[in-house]
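This is what each chain is made of:
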Amino acid sequence: MLALCAMSRITREDVERTADLARLSLSKDEIEAMTHELGQILDHVEQLQALDTEGIEPTAHAIPLATPLRPDRASPGIDPDLAVANAPASDGHAFVVPKVIDGEEG
Amino acid sequence: MSDNPLDRYEPVIGLEVHTHLKTESKLFSPAPVRYGDAPNHDVHPIDLGMPGVLPVLNEKVIGLAIRLGLATHSTVNTRSVFARKNYFYPDLPKGYQISQYEEPVVSDGWIEIEVPVKGSGKKRGAETVTKRIGVTRAHLEEDAGKSIHDVALSASEGTHIDLNRAGVPLLEIVSEPDLRSSVEASAYLRALRSILRYIEVSDADMEKGQFRCDANVSLRLRGSSEFGTRTEIKNLNSFANVEGAIEAEIVRQSEILDDGGEIQQATMGFDVNRQRTRILRLKENADDYRYFDDPDLIPLLIDEELIEVVRADLPELPEQKRERFEQEYGLPGETTAILVTSRRLADFFENCARACNAPKAAANWIARDLRQELNERNLAVDETRLEPDALASLIRLVEEGRLTTKSARELLPELVEAGGDPQAMMEERGLEAVSDTGMIDEWVTTVIGGNAAAVESVRGGDDKPLNFLMGQVMKAAGGKANPGEVRKRLVEMIRGDG
């Protein structure tokens, strides 16, 4: 198992960082298991590198379709009561979330 | 060391502009794009990030993106790809923003700006040169919702989230780091905003948040060709704030560099009250957004044919208009720069010039007197009661000597506010300048009699006291004498041809 991890590109730190970005809290054991499993997935995908893709256009999507489009016509939004119906907290049709410090993201 | 950091350091500035596109509905949902509605009244399940929904692209934005691409001399890419930019914030319900990353719809263009010649300062009317600023790219993306942090209006604790803005179509327009001062930065923004309005891609109203700017700023020692570490100042929503924030950031960075410190790559905020920038967070790497192609959306393919159709439909752009005004009407650069700031003002000028057949006078009246009236009232030219024909008739009355410039200026505010026919107003109020030679001669004789010294100078060939004597005659005439006639009679009577 150790040998496998050393071969793959992913490290413990990579897993911790990815978990952090995805707001996932993983236990030590889970990080260990994840590092191993993600490493195996990457090793598996790695095999594709052996193929010769010279001159083949990258595929962004598997469906050969023209971009589906919609005319620019507005229809009313959904009932605002409905919009916030599932929210844990709302006030005057605004969602209410725990206080956020201004300017964190955007 | 001198006090001015600009003596030692050269600022290197690039701007990212987010501009709301002029559409009825959102980028990927049919919910309406409206401003000022109550929270969450303009949302569709797609905007709320409900499970199972699929985004469908608004076809109008394609034409708008092409227009921007053509107007900025850019490449319109026949293939572009939507990508997910992943981050967590309460006003981003899906947990990602649909944007474009590696393959934007528009790339590699430029626009021209007018910048003051070095040393001529930034005051109005200073000599300017044209500078070309690179446009790196422009990509389509959806706006996020709005977080309302100071909820003084309600009893509940916490931050309020309104998703009316979520999904509103944007073009993010990224400039090359070609700007070298805060003045150049705001000149670029004005030029870009003017283009966006001409081509009707965006109303670009800063007060409505339709035109927002982030500024990337770094310093380097003068003479150096390497870039320094940059910081990004977020969410600048007025021209004054853009200039203020850049200037404050230049001071902050120069102080760190002077002390031998290093600039940390960071995202900054601008404190308007203290006119200072502060670090919001140290910059995450672009990788942290984990961009990947959005599997819900197929690449956007644009036909060359469509690009040509849009090109044929493109209106005359500000720079082209300016050049034409200079050639066709022989107007100076300072005046044309003002006339082309908006299509409406430029059209008003041309209609007025045609109607009065005095383009130079029309240009001066509009660029000076009318513009001042508009600025005082914070109005656009088509929001007033003044018609181009009415201004033309006012100008004609002045050109014909029937109305003094002074009287005409006095009529202008009323024409702006209430409209009306200048000739009728002039007649009603007895403002018509007296051209009757008998009366003018009487006033001129009196003034000549009472100002022997000035008269003597004029007789000796000095024209300077003429203006003083003119003023005296006009005063005697209650400001209502035909100035051309007065001047003529003064000269004739003093120099003895009359």
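Within each chain, residues carry numbers counting from 1 in the order of the written sequence. Lettering for chains starts from A, numbering for ligands starts from 1, and both go in the order in which the items are written. With pLDDT at 70 or above as the cut-off, local features in this predicted model cover only qualifying residues; side-chain atom pairs require 80 or more to be listed or tallied, and sums for whole chains, interfaces and linings still use all residues. Computation of side-chain values covers all heavy atoms of the structure but excludes hydrogens and water.

A.B. asks: Please give an account of the interface of chain B and chain A that cites residues and values.
C.D. replies: On the chain A side, the residues contacting the 54 residues of chain B number 40 residues. We define buried area as the total accessible area lost by two parts upon association, computed with a 1.4 Å probe and summed across both. For the pair chain B and chain A, the summed buried surface comes to about 4100 Å²; carbon and sulfur atoms form 56% of the total. We define a salt bridge as a side-chain nitrogen of Lys or Arg found within 4 Å of a carboxyl oxygen belonging to Asp or Glu. One can count 1 salt bridge joining chain B with chain A. Note that D288 of chain B and R17 of chain A form a salt bridge whose closest N and O atoms lie 2.2 Å from each other. Pairs of N or O atoms are called polar contacts if they sit within 3.5 Å, as long as, within protein, a hydrogen donor faces a hydrogen acceptor (for residues adjacent in sequence, only side-chain-to-side-chain pairs). At the surface where chain B touches chain A, the tally comes to 18 residue pairs in polar contact (both at pLDDT 80 or more). Secondary structure follows DSSP: runs of H or I at least 4 residues long count as helices, runs of E at least 2 residues long count as strands, and numbering of each begins at the N terminus. Elements with a contribution of two residues or more to the side of chain B that touches chain A: α1 (45–48), β2 (57–58), α2 (60–71), β10 (159–162), β15 (276–282) and β17 (300–301) of chain B. Residue contacts are counted whenever heavy atoms from the two residues lie within 4.5 Å of one another.

A.B. asks: Give a description of the side chain of Q97 of chain B that names residues and reports values.
C.D. replies: Examined against the element boundaries, Q97 of chain B turns out to sit in strand β6 (residues 96–100). Those residues in contact with Q97 of chain B that sit more than four places away from it in its chain are A83, R84, K85, Y87, L92, E141 and E142 of chain B.

A.B. asks: I'd like to hear about the sheet that holds strand β2 (residues 90–91) of chain A, residue by residue, with values.
C.D. replies: On the basis of which strands lie adjacent, the open sheet formed by 4 strands has the order β2(A)-β3(A)-β10(B)-β9(B) and antiparallel pairing. The two strands at the open ends of the sheet, each matched to only one other strand, are β2 of chain A together with β9 (146–148) of chain B. Two strands pair if DSSP finds at least two bridges between them. Of the pairings in the sheet, the one linking strand β3 (residues 94–97) of chain A to β10 of chain B comprises 3 bridges and is antiparallel in character. In the sheet register, F95 of chain A faces β10 of chain B, and the bridge partner there is I161 of chain B.

A.B. asks: How would you sum up the packing of aromatic side chains? Please name residues and give values.
C.D. replies: Residues and elements named next belong to chain B. In summary, the pairing rule links any two rings of Phe, Tyr or Trp, Trp by its six-membered ring, whose centres are within 6.5 Å, and it sorts them by plane angle into stacked for under 30 degrees, edge-to-face for over 60 and tilted for everything else. Summed over all chains, the structure comprises 7 aromatic pairs over all chains. Between Y289 and Y291, the ring centres sit 6.2 Å apart and the planes meet at 70°, which makes this aromatic pair edge-to-face. Here a set of aromatic residues connected by ring pairs shows up, and it is made of Y87, Y101, Y289 and Y291. Geometrically, a charge over a ring is one whose NZ (Lys) or CZ (Arg) sits within 6 Å of the ring centre while staying within 35 degrees of the ring normal. We note K85 situated over the ring of Y289; from NZ or CZ to the ring centre the distance is 4.4 Å. The ring centre of F239 lies 4.0 Å from the NZ or CZ of R190, which sits over that ring.

A.B. asks: Can you break down the domain arrangement of chain B residue by residue, with the values?
C.D. replies: Residues and elements named next belong to chain B. Per the domain assignment, the segments making up chain B are domain 1 (5–305), domain 2 (316–428) and domain 3 (437–495). Every contact between the two is made by 9 residues of domain 1 and, on the other side, 13 residues of domain 2. Taken together, the two surfaces of domain 1 and domain 2 that pack against each other cover about 880 Å², and 53% of this comes from carbon and sulfur. Note that R322 and E114 form a salt bridge whose closest N and O atoms lie 3.6 Å from each other. Applying the counting criterion to the domain 1 and domain 2 interface returns 2 residue pairs in polar contact (both at pLDDT 80 or more). When residues of the side of domain 1 that touches domain 2 are traced back to their parent elements, those giving at least two are β7 (106–116) and α3 (182–198). Broken down by element, the residue count for the side of domain 1 that touches domain 2 peaks at 3 residues, all from α3. Residue polarity follows a fixed list, in which Ala, Val, Leu, Ile, Met, Phe, Trp, Tyr, Cys and Pro are nonpolar, Asp, Glu, Lys and Arg are charged, and the others, Gly among them, are polar. When the residues that make up the side of domain 1 that touches domain 2 are grouped by side-chain class, the tally is 4 nonpolar, 1 polar and 4 charged. What marks off one domain from the next here is an automatic or database domain assignment.

A.B. asks: An account of the pattern of salt bridges is needed here, citing residue identities and associated values.
C.D. replies: In this structure the tally under the stated criterion is 44 salt bridges over all chains. The salt bridge involving R12 of chain A is made with E32 of chain A; its shortest N-O contact spans 3.0 Å. In this pair, R12 of chain A is assigned in helix α2 (residues 12–21) and E32 of chain A in helix α3 (residues 28–46), connecting sequence segments 20 residues apart. Given a relative accessible area of 41%, E32 of chain A falls into the partly exposed group. Here E316 of chain B makes a salt bridge to K321 of chain B, at a shortest N to O gap of 3.2 Å. Throughout this description, buried means an accessible area under 20% of the type-specific maximum (1.4 Å probe, protein chains only), exposed means over 50%, and partly exposed covers the range between. On the accessibility criterion, K321 of chain B (6% relative accessible area) is buried. Each member of the salt-bridge network shares a partner with another, and the members are E316, K321, R324, E328 and E350 of chain B.

A.B. asks: So what's going on with the pairing of strand β14 (residues 266–271) of chain B? Which residues, and what values?
C.D. replies: Consecutive residues of a regular strand have side chains that alternate between opposite faces of the sheet. All names here are of chain B. When you tally the buried positions in β14, you get 5 out of 6 residues, the bulk of the element. Note on handedness: a crossover is taken as right-handed if, strands pointing away from the viewer, the path from the first strand over the helix to the second is clockwise. On the question of chirality, the crossover connecting strand β13 (residues 231–236) to the parallel β14 by way of helix α4 (residues 239–258) is left-handed. Bridge count between β14 and β15: 6 bridges; the pairing is antiparallel. Pairing of F270 across the sheet is with T277, part of β15. Connecting the antiparallel pair β14 and β15 is a turn made up of 4 residues, with Q275 showing a positive phi of about 55°.

A.B. asks: Go over empty space enclosed by the protein, please, and point to the residues and values.
C.D. replies: Residue and element names in this part refer to chain B. Using only the protein atoms, space was sampled on a 1 Å grid; points where a 1.4 Å probe fits but cannot get out form cavities, open sets with protein on both sides within 12 Å along at least five of seven lines form pockets, and lining residues are those with an atom within 4 Å of a point. Grid points are joined across faces, edges and corners, and a volume is the space filled by probe spheres set on the points. Counting across every chain of the model gives 1 cavity of 30 Å³ or more. Considering only enclosed or pocket space, the largest cavity measures out at about 70 Å³ in volume. I46, D47, D91, L92, P93, K94, E142, D143, A144, A166 and G167 together form the lining of the largest cavity. Taken together, the residues of the lining of the largest cavity sort by class into 5 nonpolar, 1 polar and 5 charged.

A.B. asks: Lay out the sheet that holds strand β11 (residues 169–175) of chain B in plain terms, naming residues and giving numbers.
C.D. replies: All names here are of chain B. Overall, mixed pairing links the 9 strands, which are arranged β3-β7-β8-β11-β1-β12-β13-β14-β15 in an open sheet. The sheet is open, and its two edges are formed by β3 (75–76) and β15, each paired on a single side. Here 10 bridges tie β7 to strand β8 (residues 128–142), and the two strands are oriented antiparallel to one another. Paired with G109 across the strands is V135, a residue of β8.

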